[in-house]
Every structure is written in structure tokens, then in C-alpha cells.
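These are the residues of each chain, in order.
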Amino acid sequence: LCEAPDGFSLHNGLKRQLKAKREDLEAGTAIDWATAEALAYGTLLLEGNHVRLTGQDVQSGTFAHRHSVIRDQKNGESYCFLDNLNLGKQGKFTARNSILAEYAVLGFELGFTYENPHSLVIWEAQFGDFANTAQVMSDQFISSGEHKWLQQTGLTLLLPHGYEGQGAE
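These numbers come from a predicted model, not from an experiment.

1. Some points on the confidence of the model for the chain
- Looking at the chain, pLDDT values average 88 and 91% of them are 70 or higher.
- Per-element mean pLDDT across the chain ranges from 72 in helix H4 (residues 128-133) up to 95 in strand S3 (residues 78-80).

2. Topic: the side chain of Arg66
- Among the secondary structure elements, Arg66 is positioned in the loop between strand S1 (51-55) and strand S2 (69-71).
- Accessibility expressed as a relative area gives 5% for Arg66, which makes it buried.
- Polar contacts involving the side chain of Arg66 include one to the side chain of Glu37, which spans 2.7 Å.
- Only 2.9 Å separates the side chain of Arg66 from the backbone oxygen of Val58, close enough to count as a polar contact.
- Ignoring anything within four residues of it in the chain, the contact list for Arg66 reads Lys21, Ala34, Glu37, Leu53, Val58, Gln59, Ser60, Gly61, Glu124 and Leu158.

3. Details of the nonpolar core
- Counting residues in each nonpolar core, the largest one holds 13 residues, and the members touching the most others are Leu106, Leu110, Trp123, Ala125, Ile142 and Leu155.
- Where this core is concerned, the elements lending two or more residues are helix H3 (102-115), strand S5 (120-124), H4 and helix H5 (135-142).
- Top element by residues in this core is H3. It accounts for four residues.
- If we skip the residues at most four places from it in the chain, Leu155 touches Leu106, Glu109, Leu110, Thr113, Val121, Trp123 and Ile142.
- Grouped together as the second largest cluster of nonpolar side chains are 12 residues, Val51, Val58, Val69 and Cys80 included.

4. Comments concerning unusual backbone geometry
- Of note in this structure, Asn86 is not a glycine but carries a positive phi near 55°.
- By the secondary structure assignment, Asn86 is in the loop between S3 and strand S4 (93-97).
- Of note, the phi angle at Leu150 is positive, near 55°, even though the residue is not glycine.

5. Describing the pairing of S1
- The element S1 is largely enclosed, with a buried count of five among its five residues.
- Here S1 shows a buried face lined by Val51, Leu53 and Gly55 and a second buried face lined by Arg52 and Thr54.
- In this structure, S1 lies alongside S4, joined through five bridges in parallel fashion. When the bridges of S4 are listed, Gly55 appears paired with Asn97.
- When S1 meets S5, the two strands line up parallel, connected through four bridges. Counted as the bridge partner of Val51 is Leu120 from S5.

Analysis parameters
- Residues numbered from 1 in each chain as written.
- Predicted model: local features only at pLDDT ≥ 70, side-chain atom pairs only at ≥ 80, totals over all residues.
- Heavy atoms only, no water.
- pLDDT = per-residue confidence, 0-100.
- Helix = DSSP H or I, 4+ residues; strand = E, 2+ residues; numbered from the N terminus.
- Buried < 20%, exposed > 50% of the residue type's maximum accessible area, 1.4 Å probe, protein only.
- Polar contact = N/O pair within 3.5 Å; in protein donor to acceptor, adjacent residues only side chain to side chain.
- Contact = heavy atoms within 4.5 Å.
- Core = buried A, V, L, I, M, F, W, Y, C linked by side-chain atoms within 4.5 Å.
- Pairing = 2+ DSSP bridges.

Take a look at the structure:
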């Protein structure tokens, strides 16, 4: 979860974060939210499950906390820690940054869960206005889909932690 490939040019700030994460994991102390999240996803992946995460800035995390996908500073090549656990056979981890079209992205992810019921599919709303833009999907399809069409979904929504002056929402 904190080892980049040999020759990969990391940003200096990220080097410090990964070093601290490695030390915390080795000591078994101070496990932050992003590390706990990665450990949970890693467990599911090692059980052979597909984990899919979408939303704006989900690869690095809204506040640069997650770093599930990193970029080489020299050539722009990407690397995903969770797709390279090197602990045996594993499922696929997909982290896709989405455009600001929450209604469309959430609708796609909902459909994805219907076709892939054994995958963990997560849509993360970065701020309250993002969740509001997708509210119709939540009201008309996610919360009432089983009643209307007898279809269950395992879609997981990571909603904003608070509104903190982000606008009228």
C-alpha cells in the first residue's frame, strides 16, 4: 500500500506520506482513514472481489488523502497500489475520477451494480452540491428500485462529511 515500483519518480510530499504510512503500518499505530480504507479494499480484493470507486478526485482523494492511484512525476505514468498487492491472486481495483456530471455517473454506477452484483461499487460525492445534483437518482432509482422493479442494488454512497460553508446546500 505504500511501495512504488523501482524507478518511479514520486512527488517529494508523497514520498513523505508513504514513508509515514509504512512506519505506521509496521508499528500498528496511528492508522488513518485512508489507510484503513485501503486495508479494507485490499482484503476484499484478496478474496477475489472487484472493487470499483468513482467520483471527482477519488484516485488521490478529495483532500489528497487516499492516493490509490499515483502518477510518475517525469513521465505521467500511473500506478495503482491496490492492483499490485503481490499477495497472490486478487480481484480488480478500479478507481476512476469522474466529470462533474453526478446524475450520469451515479446512474451508470447503479446500472453497473445490477450487472455485477458481487462487486463493491462505490460512488463518492465530494461536497454537498454534488450529492444534490444526483438526488433524483437517489430518490427515484436507488431508494425505490427494489419496490418498483424488484431489483436490489449493492451500490455504496460515500456522502459528504458536512457542508461547512460550501454554499446553499
